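# Descriptive analysis of the structure
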Amino acid sequence: MKKGEIVVKAKYISVDPYMRIQQSALNSWEVPHPLGVVQGSGMAGEIIASNSDTLKIGDWVNCYTGWQQYAIVKDTEVRLLDTKIATVSTSLGILGMPARVAYFGIIEAGKIKTGETVVVSGAAGAVGSTVVQIAKLKGCRVIGIAGSQEKMNFLEQELDVDATINYKENKTQESMVKALKTACPEGVDIYYDNVGGVITDAVIDVVNVGARILVCGQISQYNHALDKPEMGPRFLHKVLYKRITIQGILARDYNDRMPEMISEMGSWVKDGKIKYKETIIQGFEKLPKALSGLFDGENTGKMIVKV
Ligand SMILES: NC(=O)c1ccc[n+]([C@@H]2O[C@H](COP(=O)([O-])OP(=O)(O)OC[C@H]3O[C@@H](n4cnc5c(N)ncnc54)[C@H](OP(=O)(O)O)[C@@H]3O)[C@@H](O)[C@H]2O)c1
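Computed from a prediction, not measured in an experiment: that's the story for all the values here.

Around the ligand lies a shell of 26 residues, among which Lys151, Tyr167, Ile249, Ala251 and Asn299 are the nearest. Tyr167 places a polar side-chain atom, nitrogen or oxygen, 2.4 Å from an oxygen atom of the ligand. Contact with the protein chains hides 91% of the accessible area of the ligand, taken as 900 Å² for the molecule alone. Among the secondary structure elements, those contributing two or more residues to the shell around the ligand are helix 2 (97–109) and helix 3 (126–137). Residues belonging to the shell around the ligand are distributed by class as follows: 16 nonpolar, nine polar and one charged.

Written out as structure tokens, the structure is:
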């Protein structure tokens, strides 16, 4: 080990929808993931050897070392975890990358204001379940879209979401528009989009003048429409009439502001103002299955593999 390096033993490894995007042949925010290299991902683990002046054996850290059980990494490339705030697994979810894009996305890019109506797709997942709670804390009416009755119950009963819509029972744009109009009698001011496709086509029909649409993810498109996009309705005229702002948001654009997010979210989590759920799958060999489970809705909250 070189000076400043540590060895980290993985305890929790992340699976995230972006890993599917990396399998596309086309460039996205980066070049396609090459074959024959370790799948990149976040990991929370314990230091088992240290040649660092700042980190010692027994410290828990979060690092981006991918799907491997042990990693040698520089001490400057890890985040020391405060185990007094929450369990270390939260560094992959409610106090990690998904929370970062949720927090800065809805607050800064979304310019959320008290009293607004906020619709969130993929609402019971890692990002979505964080966004709905921040929007509730900011005094908004919040509508969550998810794919099962169990997830709708979770959103309404545990996260205090005002109304929910099951997109699997509203498969056409017309049916989704009807459900949205019932759930949002005053229209939609912010749409936090994790899913894309028909759900998004429908939300654009019911947004108010001056609405903000935050494109965080398009998971409905990742399995079949990355290399050859699925054609949808042409809606830019609606963007014109309603002066809608559509903005893409990427977690990595807020990397250097992690301490700011942890400071506020950490105290919300500690005080019980923000709740979190994790779907934890046991076993290193289950990583690929856990990843594909994201596309079958097998998780509520953050999907994590414990090794
Ligand atoms: N921009 C960024 O920096 C950034 C960072 C993190 C995540 N994201 C994006 O944000 C979205 C959510 O990510 P996450 O990590 O929080 O994952 P997640 O929501 O925890 O898990 C994925 C969920 O997506 C839903 N889903 C899967 N296929 C679907 C489909 N065809 N139509 C509708 N819903 C579908 C499933 O829930 P149901 O049971 O409700 O279907 C599933 O549980 C993804 O699109 C991801 O790419 C973006």
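Anyway, onward from the coordinates.
Turning to helix 8 (residues 258–270), a few remarks are in order. An ideal rise of 1.5 Å per residue puts 18 Å on 13 residues; helix 8 measures up with 17 Å between its terminal C-alpha atoms. Those residues of helix 8 not exposed but buried are Met258, Met261, Ile262, Met265, Gly266, Trp268 and Val269. Where helix 8 is buried, its residues contact strand 5 (78–80), helix 2 and helix 3. Gly272 lies just past helix 8 and shows a positive phi near 75°.

We now examine empty space enclosed by the protein. Scanning all chains against the criterion turns up one cavity of 30 Å³ or more. Computed from the structure, the largest cavity encloses a volume of approximately 50 Å³. What lines the largest cavity is Gly93, Ile94, Ala126, Ser129, Thr130, Tyr276, Lys277, Glu278, Gly301 and Lys302. No other element matches helix 3, which puts three residues into the lining of the largest cavity. For the lining of the largest cavity, the per-class residue count stands at three nonpolar, four polar and three charged. No fewer than three residues from each of domain 1 (5–93 + 276–306) and domain 2 (97–251) sit in the lining of the largest cavity.

Contact geometry of helix 5 (residues 173–183) with helix 6 (residues 197–206) gives a least axis separation of 8 Å together with a crossing angle of 50°. By the angle between their axes, helix 5 is oblique relative to helix 6. Of the two elements, helix 5 crosses helix 6, and the hand of that crossing is right-handed. Together, Gln173, Met176, Val177, Leu180 and Lys181 of helix 5 and Val198, Ile199, Asp201, Ala202, Val203, Asp205 and Val206 of helix 6 make up the contact between the two elements.

This next bit is on the UniProt feature "domain: Enoyl reductase (ER)" (unreviewed entry) in the protein. Under the UniProt annotation, the feature "domain: Enoyl reductase (ER)" (unreviewed entry) is placed at residues 4–305. Regarding residues 4–305, the helix share stands at 29% and the strand share at 24%, and the terminal C-alpha atoms are separated by 28 Å.

About the criteria used
- The residue numbers shown here count from 1 along each chain, following its written sequence.
- At least 70 in pLDDT is required for a residue's local features to be given in this predicted model, at least 80 for side-chain atom pairs to be given and counted, and no such filter applies to totals for whole chains, interfaces and linings, which use all residues.
- Hydrogens and water are ignored here; the side-chain numbers use all heavy atoms of the structure.
- The criterion for a residue being near a molecule or strand is simple. One of its heavy atoms has to lie within 4 Å of it.
- Within 3.5 Å is the distance limit for a polar contact, defined as a pair of N or O atoms, with the added protein rule that one can donate a hydrogen and the other accept it, and that residues adjacent in sequence qualify only through two side-chain atoms.
- The method behind every accessible area is Shrake-Rupley, applied with a 1.4 Å probe, and residues are considered shielded solely by the protein chains displayed.
- A helix here means a DSSP run of H or I that spans at least four residues, while a strand means a run of E at least two residues long, and both kinds are numbered starting from the N terminus.
- Any residue that is not Ala, Val, Leu, Ile, Met, Phe, Trp, Tyr, Cys, Pro, Asp, Glu, Lys or Arg is counted as polar, Gly included; the first ten are nonpolar and the last four charged.
- In this analysis, the expected span of each helix is defined as 1.5 Å times one less than the number of residues it contains.
- We call a residue buried when its accessible area falls under 20% of the maximum for its residue type, exposed when it is over 50%, and partly exposed in between, using a 1.4 Å probe and counting protein chains only.
- Any pair of residues with heavy atoms lying within 4.5 Å of one another is described as a contacting pair.
- Here a cavity denotes grid points, spaced 1 Å and computed from the protein atoms alone, that fit a 1.4 Å probe unable to get out, and a pocket denotes an open set having protein on both sides within 12 Å along at least 5 of 7 lines; residues with an atom within 4 Å of a point are the lining.
- Grid points are joined across faces, edges and corners, and a volume is the space filled by probe spheres set on the points.
- As annotated, the domain borders come from an automatic or database domain assignment.
- Think of each axis as a best-fit line through the C-alpha atoms, taken over the contacting stretch in the case of a helix, with angles from 0 to 180 degrees between the N-to-C directions.
- For classification purposes, angles smaller than 35 degrees are called roughly parallel, those larger than 145 roughly antiparallel, those between 65 and 115 roughly perpendicular, and all remaining angles oblique.
- The hand of a helix crossing depends on one turn: near helix anticlockwise from the far one by less than a right angle means left-handed, and clockwise means right-handed.
- UniProt positions are given in the numbering used here, feature names are shortened, and annotations may be inferred rather than shown by experiment.

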